[in-house]
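Summary of structural features
The chain contents come next:
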Amino acid sequence: GGSVYRDGKLVGRQPRVSFSEDGVAWSAPVRVCREGDWLWRTTWFEDTAYGVTYGGPVENKPEWSLTLMHSKDGLDWSPLTELPVDGKPNETTLRFQPDGAMLALVRREGDNRNAFFGSSQPPYKDWSFKELGCAIGGPNFIILPDGQMWAAGRRYGETNKTALGPLTLDAYDPIIELPSGGDTSYPGLVWHEDMLWVSYYASHEGKASIYLAKIRL
């Protein structure tokens, strides 16, 4: 994400993309999507990249609007549809089931802040969303080899924690709290050697650090 500030005020933003074949040498950043978009996470399925942008503080761009975008090369992005989520939606993670169904886990900052979880079949124009029972900051989820889903993110409370638990189309139950606190969340999830590996950041030990947890489910 590239942000433009004037006199301390955010006046514009647009994502940038760079490519590397070795992780050392990188191409120059290139603007993608539309002025005012914030493309929070990209997920590839088959030969197409998908991501959800949420609107920013620019003219003629409604703030807190969600647009499902797609691209064949990660550079040329075009909108597929607007997602029917209210309550100031923003960070959205997409995943795909084996039959091609797309799932979307959405953070919300308005109303009761509870996350929304939705599904759609190709061509991903029509969506069905349900409200989950809690708010999730920096949401992520993974579909395990047996079809189970687990989600993770910031759990709000007297002390914010990075938490995770089982996820269904109807409910999310964060049953595990990781060592964390303060500014924390944005987990990465990988299934490896029959364990769920979780990377996340937290600031409960005096400074922001990145942590790795291995969880046997």
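Higher on the page you've got the structure.
Given the structure is predicted, the values throughout are model-derived calculations rather than measurements.

1. Focus on the sheet that holds strand S18 (residues 195–202)
Strand pairing in a sheet relies on backbone hydrogen bonds. The paired strands run either parallel or antiparallel. As summarised here, the arrangement of the 3 strands in space is S17-S18-S19, forming an open sheet in which the pairing is antiparallel. A single partner strand is all that each edge strand has here, and the edge strands are strand S17 (185–192) and strand S19 (209–215). Pairwise comparison of adjacent strand axes, ignoring direction, gives a mean angle of 20° for this sheet. Sheet topology places S17 next to S18; 6 bridges connect them, and they run antiparallel. Each residue of the ladder has a partner; that of Ser 185, found in S18, is Tyr 201.

2. Things to note about the pairing of strand S14 (residues 149–155)
Summarising burial for S14: 6 of the 7 residues are buried, a large majority. Here strand S13 (residues 137–143) pairs with S14 via 5 bridges, running antiparallel. In the sheet register, Phe 141 faces S14, and the bridge partner there is Ala 151. Hairpin connection between S13 and S14: a loop of 5 residues separates the two successive antiparallel strands, and Gly 147 in this loop has a positive phi of roughly 95°. One ladder, built from 7 bridges, connects S14 with strand S15 (residues 161–167); its direction is antiparallel. Within S15, the position partnered with Ala 152 by the bridge is Leu 164. Linking S14 to S15, which pair antiparallel, is a turn of 5 residues.

3. Points about the side chain of Thr 48
Within the secondary structure, Thr 48 sits in strand S6 (residues 48–54). On the basis of relative accessibility, which here comes to 4%, the residue Thr 48 falls in the buried class. A polar contact of 3.2 Å, which involves the side chain of Thr 48, links it to the side chain of Asp 47. One polar contact links Thr 48 to Lys 72, side chain to side chain, over a distance of 2.8 Å.

4. As for the environment of Ala 135
In this fold, Ala 135 is placed in the loop between strand S12 (128–131) and S13. The sequence separation of Ala 135 and Glu 109 amounts to 26 residues, and the corresponding C-alpha distance is 8.6 Å. With residues up to four places along the chain from it excluded, the contact list for Ala 135 reads Arg 113, Asn 114, Ala 115, Arg 154 and Tyr 156.

Rules used in this analysis
- Residues numbered from 1 in each chain as written.
- Predicted model: local features only at pLDDT ≥ 70, side-chain atom pairs only at ≥ 80, totals over all residues.
- Heavy atoms only, no water.
- Pairing = 2+ DSSP bridges.
- Helix = DSSP H or I, 4+ residues; strand = E, 2+ residues; numbered from the N terminus.
- Axes fitted to C-alpha atoms, helices over the stretch in contact; angles between N-to-C directions.
- Buried < 20%, exposed > 50% of the residue type's maximum accessible area, 1.4 Å probe, protein only.
- Polar contact = N/O pair within 3.5 Å; in protein donor to acceptor, adjacent residues only side chain to side chain.
- Contact = heavy atoms within 4.5 Å.

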